[in-house]
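Notes for the structure review
So the chains spell out like this:
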Amino acid sequence: MALVSLREVSFGYGGRHLLEKGDLQIERGERVGLVGRNGSGKSTLMKLISGELAADDGQVLRGPGVRIGRLIQEVPLGSESSVQEVVAMGLTSPTIAGDSSLRTIEPLEDWELEYQVERVLEKMSLDPHARFAALSSGMKRRVLLAQALVSEPDLLLLDVPTNHLDIEAVAWLEEFLIRYGGTLVFVTHDRVFLRKLSNRIIEVDRGRLLDWPCDYTTFLQRKEAALEVEAQHQALFDKKLAQEEIWVRTGVKARRTRSEARIRELNKMREERRQRKDRVGNVRLVVQEAERSGRLVIEAKQIGFRYVADAASIPPDASSVGHGNGRDILCDFSTLILRGDKIGVIGPNGSGKSTLLRLLLGQLQPTTGSVRLGTKLEVAYFDQLREQLDENKTAQENVGEGKQTLLINGQERHVLGYLQEFLFSAERARTLVRYLSGGERNRLMLAKLLTKPSNMLVLDEPTNDLDAETLELLEDLLIEYPGTVLLVSHDREFLNNVVSSTLVFEGDGLVKDYDGGYDDWQRQRTVSQTPAAFPETLMRPSKSAPAQRKLSFKEQRELESLPARIDQLETEQAALHATMSSPSFYQQPKSDIAATNAKLETLERELAEVFSRWESLEAARS
């Protein structure tokens, strides 16, 4: 017998149907991945399965004695309960584990239940005595995961369980759930997570529940083929409808039975077209490019950063655990970022990834060492806390900043029209930000970010809450982006597809540099003898790590003069490019054109030599 069955279930909010006559059976032992666009109704479906919502029509049947645990998508703000007490609540109400109405409970007396709680706490590396309210969002999510798991439910519902979890926690959760004996239904935008766990895909698409009895990779292939067939069918249908509309407008010459039947068929086609729900379009992401930056973007030399005892000075991304009278977030870190580099930043929650970004951008001063920024930098910064959004203003007001129009790549655009490209209807664009979903807020942040010209994108966890289609579009944008990218993300596939090198926090303020994305880092890392938040890894040979020596006086003077020389050559290069881009340039005599081309080649060759000399002297000095 199925654990849960849905029979012709319909449900909607305010007249808008999210589900229409949906059928679904969940059998014991299945691992079902729920997929669909943001707002398609995946969370609503989970609430119907758990019994938190009642269907408008149809039946939701649950097997006798079936225990259901559910992890909600939203993270509760806080509770005075301890972590142990919050986790133990999953034993008192396993049908809806993860409820946000957290309350203090009496200490458990049954030693078996206590052992069950302690075992989950240990597996998830949670401090049983910590106060839930004092934890970061990521740690709260781990506690709620433990709460959902502790009752060992027959059916476990996980609504975006990977949000706010660092890579190591996601990897642990994957392995735990692979070994888990119960039945899973989960929503996630983490494509690696979907591939590893799901053996069946249920797609929520335009009110329908589409059953794909296969893994995620096979689903993507079959779905693409199905969409092509659907598009062809709709094109043929629309062509026939247009022909029939022309026929009826020319006038029916005789009220013969055949003509009347044709008119009835036309009316049926009109109704079918009216009832058709077209697929939600894709976000349209276009970057406004600024003038090219200098070749040197950021140079950090042996920087360190330590927070003082004042808790108010500790930023949101730095864990409050273990700071005491101060803690080293970063120790003796050096890096050289050049124009066009695409660099990922990986590390546990609270390790200081956002702090590192702020140090590299000059928004924070390092405790030790120095940071030097290159020339002509135009930075667009995506803040993971979305502090750039005013929750008391509408989406339109946040992006327009008091204006009705925007200048996008030299063309004036109305703010509402621009926001439509990010899937905001006029109604949603006029909605206060506080009422937008997590996915909508992230899309709004992207919309606001891309209104400004840039030659450097700094993205702090931009992938949270974005559906797979939008993630892929953002990937394509970053891959094609000609400027420099600094990216913090826990999305492994996103890192693999976008970045060419990674900076990894490995505990005790140590940050190491690796070639490639997440998988490349995994291949290079080695297990350390000492425990750390991330195990010690095999650091790639640095491009700038020859044997150290002391520069001569002449070499030191040369090194100090080279940055100015590089700036001068890059300015001359930009001026030549501007001259050659003019249509009138090619109306000159061929000899003049050839002379300018030769000058540009000489200039570029000299620039490469000067920059190579600067790199070698810097490496020798460090």
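Residues numbered from 1 in each chain as written. Predicted model: local features only at pLDDT ≥ 70, side-chain atom pairs only at ≥ 80, totals over all residues. Heavy atoms only, no water.

1. Quick look at the overall build of the protein chain
- When helices and strands are counted, the protein chain shows 18 helices and 20 strands.
- In the protein chain, buried positions account for 48% of the 622 residues.
- When contacts within the protein chain are restricted to residue pairs at least 6 apart in sequence, those whose partners lie at least 24 apart make up 69%.
- Here the protein chain has roughly 30,800 Å² of accessible surface; of this, 50% comes from carbon and sulfur atoms. (Helix = DSSP H or I, 4+ residues; strand = E, 2+ residues; numbered from the N terminus. Buried < 20%, exposed > 50% of the residue type's maximum accessible area, 1.4 Å probe, protein only. Contact = heavy atoms within 4.5 Å. Areas by Shrake-Rupley, 256 points an atom, 1.4 Å probe, with all protein chains shown as cover.)

2. What to know about helix α9 (residues 353–360)
- When you tally the buried positions in α9, you get seven out of eight residues, the bulk of the element.
- Every buried residue of α9 is accounted for by Lys353, Ser354, Thr355, Leu356, Leu357, Leu359 and Leu360.
- Of the residues one or two after α9, glycine 362 is the one with positive phi, at around 80°.

3. Structural notes on a negative patch on the surface
- On the surface, a cluster of negative charge is made up of Glu8, Asp23, Asp56 and Asp57.
- Here aspartate 23 shows up in strand β2 (residues 16–26). (Patch = residues over 30% accessible without salt bridge, like charges linked within 9 Å, V, L, I, M, F, W, Y side chains within 5 Å. Salt bridge = Lys/Arg side-chain N within 4 Å of Asp/Glu carboxyl O. Lys, Arg positive; Asp, Glu negative; His and termini not counted. Charge placed at Lys NZ, Arg CZ, Asp CG, Glu CD.)

4. What about the sheet that holds strand β14 (residues 379–382)?
- Read across the open sheet, the six strands follow the order β14-β17-β18-β12-β19-β20; overall the sheet is mixed. Pairing within the sheet leaves two strands with one partner each, and these edge strands are β14 and β20 (511–515). In this sheet, neighbouring strand axes are inclined to one another by 15° on average, regardless of whether the strands run parallel or antiparallel.
- Note: strand β12 (residues 342–346) against strand β18 (residues 484–488), four bridges, orientation parallel. Residue pairing for β18: isoleucine 343 is matched across the bridge by leucine 486.
- Each of β12, β17 (456–460) and β18 touches helix α14 (residues 468–480); the most contacted strand, β17, lies at about 145° to it. (Pairing = 2+ DSSP bridges. Axes fitted to C-alpha atoms, helices over the stretch in contact; angles between N-to-C directions.)

5. A word on the packing of aromatic side chains
- Applying the stated criterion across every chain yields a total of five aromatic pairs.
- A ring pair is formed by tryptophan 212 and phenylalanine 219, whose centres lie 5.4 Å apart and whose planes are at 75°; its orientation type is edge-to-face. Considered together, tryptophan 212 and phenylalanine 219 belong to a single accessibility category, that of buried residues.
- By the ring-pair criterion, three or more aromatic residues cluster together here, those being Trp212, Tyr216 and Phe219.
- Here the guanidinium or amino end of arginine 443 rests over the ring plane of phenylalanine 424, the centre of that ring lying 5.2 Å away. (Phe/Tyr/Trp six-rings, centres within 6.5 Å; stacked < 30°, edge-to-face > 60°. Lys NZ or Arg CZ within 6 Å of the ring centre and 35° of its normal.)

6. Describing the pattern of salt bridges
- Overall, the coordinates contain 26 salt bridges when judged by the stated rule.
- Among the salt bridges present, the one from arginine 492 reaches aspartate 190, with a minimum N-O distance of 3.3 Å. Taken together, the residues arginine 492 in helix α15 (residues 492–498) and aspartate 190 in the loop between β7 (183–187) and α6 (191–197) connect sequence positions 302 residues apart. The same class applies to arginine 492 as to aspartate 190, namely buried.
- Ionic pairing is found between aspartate 520 and arginine 523, a salt bridge with its closest N-O pair at 2.4 Å. With aspartate 520 and arginine 523 both in helix α16 (residues 518–524) and three residues apart, the pair spans about one turn of that helix.
- Classification of arginine 523 as exposed rests on a relative accessible area of 62%.
- Overlapping salt bridges, with partners in common, bring together Glu203, Asp205, Arg206, Arg208 and Lys223 in one network.

7. Remarks on helix α1 (residues 42–50)
- By the criterion of burial, α1 is predominantly enclosed, with seven of the nine residues buried.
- Where α1 is concerned, the buried positions are Lys42, Thr44, Leu45, Met46, Leu48, Ile49 and Ser50.

8. Focus on unusual backbone geometry
- For lysine 21, which is not a glycine, the phi torsion comes out positive at approximately 50°.
- The topology assignment puts lysine 21 in strand β2.
- Its identity as a non-glycine residue notwithstanding, glutamate 461 has a phi of 55°, on the positive side.
- Within the secondary structure layout, glutamate 461 lies in the loop between β17 and α14.
- A residue is classified by how much of its surface remains accessible, and glutamate 461, at 8% relative accessible area, is buried.

9. Quick look at the nonpolar core
- Residues Val399, Tyr418, Leu419, Leu444, Leu457, Leu478 and Leu487 are the most contacted members of the largest nonpolar core, which totals 43 residues.
- Here this core takes five residues from helix α13 (residues 438–449), the largest share from any one element.
- In this structure leucine 419 touches Ala395, Gln396, Val399, Phe424, Ala429, Leu444 and Ala447, once residues within four positions along its chain are discounted. (Core = buried A, V, L, I, M, F, W, Y, C linked by side-chain atoms within 4.5 Å.)

10. Points about the confidence of the model for the protein chain
- Averaged over every residue, the pLDDT of the protein chain is 79; residues scoring 70 or more account for 84%.
- The model gives residues 319–325 a pLDDT under 50, and that stretch makes 13 contacts with residues more than four places away or in other chains. (pLDDT = per-residue confidence, 0-100.)

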